[in-house]
Amino acid sequence: MKILVAVKPTFDIGQLKFEKDGTPLLDACPVSLGEADRCALEEAMRIKERLGATVAAATVGSSEAHYKAIRDSYAMGADEGYLVKADDPWKLDALSVASAIARVAAATGPYDLVLTGSGAGDTHASVIGPMIAGILGIPLIAGVDRLEVRGPGVVAGTCKLEDGSYTYEARTPAVVTVTSEANAPRIPNLRAILRSKGMQIREMSAEELGVDLRRLEPLSVRKYEIKRKRIIYKAEDQKGAAEASAELLAALRSEGVLS
Amino acid sequence: MDFLLSEDERRFQESVSEFAKRHIEPRWIEIDEKGRIPLELIKSMGDQGLFAIPVPDKYGGMGGTVLMAALAIEEIAYHDPAVAVAVYALLNNGWPLALSLFGSEAAKQEILPKVASGDAFFGIGSTEPQGGSDVAGTRTVARRSGNKWVVNGEKTYISGVREIQELPAGGGFFLVSKAESAEYGHRNMVDFALLPKWNGKMRDGWKPTVYDDIGRHGLSTGGFKLEDFEVEDDLRIGDVGKGFYLLMEGFNIARVLVAAATIGSARWALDRGAEWLRSRRLFQGRPLASFEGISFRFSELYAELEAAKYFVYRAAWMIDKTYLENPPRFKPKDLNVPVSLAKMKGPETATRIYEEVLKWLGAYGYTKESAVYRGWLGTFSYTIGAEGTQNIMRYIIARDVIGSEYVSHTG
C-alpha cells in the first residue's frame, strides 16, 4: 500500500498577537505542523504498522517551517518527503496548493490513499482534500474521525455529525480528510528527531510539475472582534423585571444567540 | 556567539512540551495529592525517551546532550510545577550519564538500558545522618572481599527509595563510601552502583525507610541502612581513591538539571502571575499590571528568571563540551563556577517568584484551591539542598573566584 499525506505548517492562533489596529503579527507567531495533518499522518502510520505501507509526506512552500513540516513528518515515521518550492506560501490560493499536491501524487505515485487534515487550524477552509479528489477524479471521504482499511481496495471512514455517526466506504485510490479528533498523534522522541534530520527532502518546482501557482493579495487582514454592545435592561420592580427579561430574550433571539 | 537553540534542540523541546502537556499536566496535582508518580507514567516517559537522554545509544540512551536533558527537565517542570516528576526525570538523566562516563562496561550494559526504558531508577546515595555537605566525612565503609565488596553504613534524604522497590526491574543509587576504613578525608573514597532491587529481586542487607516531606510529594525521600550489603566489583564506579572526585563530577551534571527543574517551575509561576496581572481589575477597571509597584516587580523577577535560564543553558552546554565532545573543550574543574551559578540562582529565583506571585494572588494564593503553593513547596526543597546546598554553591564560587588559599572550610 502507498499513502501520500498532504501537510502544511499552520499558525498557532492561540499565540497570535495583533497591532492596535488589528493587524496580525504573523512574523512573531509560532508555526508548526497542523494538528489535523498530524492526525492524518498518525492514521497513515497506523495503517503502515498494521498492514505495511510506504508513507510519503508532501507540502507546498519554501519557508523554513515547510521544510520543518516534512522533517516532523519523517520524525513521525514518514518514508519519503516532497516539497514543492514556492515563495510567499501563505498567500497561495487553495486551488494552486491542491493542484500542486495532485501533481506530486501523479508524479510519485500511484497512491492507494491520499490523506490530509480536514481543515487547517489557521484558515479553516477545509477545501484542499476535496479539491485534490476533484482534480484526480477519485472518491473523497471528508471529515473522518475513524479510518479503516476494509480489505483490498476498500477504505471506510466514520464521520461524527450533529445527528449521529455516518460511515462511508470508498474504493481506492481515494482521498480521506482526517479531523483533529481522530487520534492522539504520536510525539516523536529524540532519536526519531535526530534521525529525521539526515533524511533527504525531495524538492520539486512548480515548472517541473507543470502547475501554475497563484497567489491571493488580501486587501486587508484584521483581527475578528465582536464589540460588546453594553445594553442594560433596567428593572425597578417584579413587573419591570418580567418586561426586561422579555426584552433581553427578544434581543438575544434577534442576534441569533437564541433560536 | 549564537544564543539560539539548534533546530534539533527546539524540535525536541517542542516534543517534550507536548508530551508533558498531554500526559503530565492533567495529573500533576493528583500526583502531589496522592504522593506518587504512577508507574505507567514512568513507563510512558521511558517509551518517550525522557530518561538517559545524554547516554549513548549503545546503552539504550537517546544519544542526546545534557543541554537537551536540561531543556526536557525544564519543560517537564513547567507542566509539573511541584517538580516531583521533573526531579525523578533529572535524577534518571544525570546519574545514568555519570555511570555511563565513569562506570565499568558490564555495569553500563546491565543497568542503563533498564533505566532508559523506565523499568528502573538510578539516583544518588550520598547524604548521611551526620551531614550531606561534608562528603569527606562519609562513614559508609566498603570492605573488599574477593571479587565483592561488603558495604555497611547509613544514607539519609535519598530520592527514589520507594520507587526502586515498586519499579518492575528496581534500581539503585550512585553510592559514595569509604574504602576499607572510615578515616576522615577524601582520598580513600570509592563509588558503587548500589542496586538494592535488581531484575525484580530485593537484595539482602538493605533496610529502607520513607520520610514525609512537606512538598514535592510525588517522589519519595527516604533513607536506608546497609548491613553487610554485598556489591560485585563490576559495579564499582571508577578506581578506589577517586570516589570523591567522580562524585563531584556527577554532582556538576545533576546540579544543572536541578536548576533546570526549578526554572521550569518558576516560569510556570510567572506565567500564572502575568495572566493574573492582565485579568485582575481593580480601581474602576484598571488591570493589576497597570500598577507599577507590581509590574516593575514582575520585570525584576522576569530578569532574574532569564538570567537563571542562561546560567543553566551555559553550564549544560559546557558539560556537553567537557564530556560529550572529543577532544574536550573544558576540564571538569572548569565547570565548578558555571554550574554553581546555575544551581545557586535557579532555586532561589524560583522561590522568590513563587512568594511574589502568591502575594499578587492575594488571599486566594494562600488557599489550597490555588495550586501555586505546591510549586512553592516543591522548589523550596532545592534552596535547602539536593546535589549540594546553596551555601556549598556559594563556597565553590568564592573558592574558585577569590582563590582557595583565602577561602577555607576545613580546620
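Remember, predicted model here, so these are calculated numbers, not experimental data.

What to know about the overall build of chain B
Scanning chain B for helices and strands turns up 12 helices and 11 strands. Taken against the 2.2 N^0.38 rule, which gives 22 Å for 411 residues, the C-alpha radius of gyration of chain B at 21 Å falls within 12% of a compact globule. Out of the 411 residues belonging to chain B, those deemed buried represent 58%. In the form shown here, chain B has an accessible surface area of approximately 16,900 Å², with 53% of it arising from carbon and sulfur atoms.

Notes on a nonpolar patch on the surface
The grouping of L161, Y166 and Y168 of chain A at the surface amounts to a nonpolar patch, some 280 Å² of accessible area in total. Inspection of the secondary structure puts Y166 of chain A in strand β10 (residues 164–171).

Details of helix α6 (residues 105–116) of chain B
For an α-helix the count is 3.6 residues per turn, leaving residues at separations of three or four pointing the same way. All names here are of chain B. In this model, α6 (12 residues) spans 16 Å end to end at C-alpha, consistent with the 16 Å of a helix rising 1.5 Å per residue. Looking only at α6, the buried set comprises A107, K108, I111, L112, V115 and A116. Projected down its long axis, α6 carries its buried residues within an arc of 125°, all on one side. The secondary structure elements touched by the buried residues of α6 are α3 (39–47), α5 (84–102), β1 (120–125) and β5 (189–198).

Overview of the sheet that holds β10 of chain A
Residues and elements named next belong to chain A. If you walk across this open sheet you meet the three strands as β8-β9-β10, and the pairing is antiparallel. Each having just a single partner strand, β8 (146–151) and β10 make up the two edges of the open sheet. Ignoring which end each strand starts from, the neighbouring axes of this sheet average 25° apart. Where strand β9 (residues 154–161) and β10 come together, eight bridges link them in antiparallel fashion. Following the sheet pairing, V154 is matched in β10 by R171.

About the criteria used
- Residues numbered from 1 in each chain as written.
- Chains lettered and ligands numbered in written order.
- Predicted model: local features only at pLDDT ≥ 70, side-chain atom pairs only at ≥ 80, totals over all residues.
- Heavy atoms only, no water.
- Helix = DSSP H or I, 4+ residues; strand = E, 2+ residues; numbered from the N terminus.
- Rg over C-alpha atoms; globule rule 2.2 N^0.38 Å.
- Buried < 20%, exposed > 50% of the residue type's maximum accessible area, 1.4 Å probe, protein only.
- Areas by Shrake-Rupley, 256 points an atom, 1.4 Å probe, with all protein chains shown as cover.
- Patch = residues over 30% accessible without salt bridge, like charges linked within 9 Å, V, L, I, M, F, W, Y side chains within 5 Å.
- Salt bridge = Lys/Arg side-chain N within 4 Å of Asp/Glu carboxyl O.
- Expected span 1.5 Å × (residues − 1).
- Arc of directions from axis to C-beta.
- Contact = heavy atoms within 4.5 Å.
- Pairing = 2+ DSSP bridges.
- Axes fitted to C-alpha atoms, helices over the stretch in contact; angles between N-to-C directions.

Limitation: the analysis is restricted to geometry and does not speak to function.
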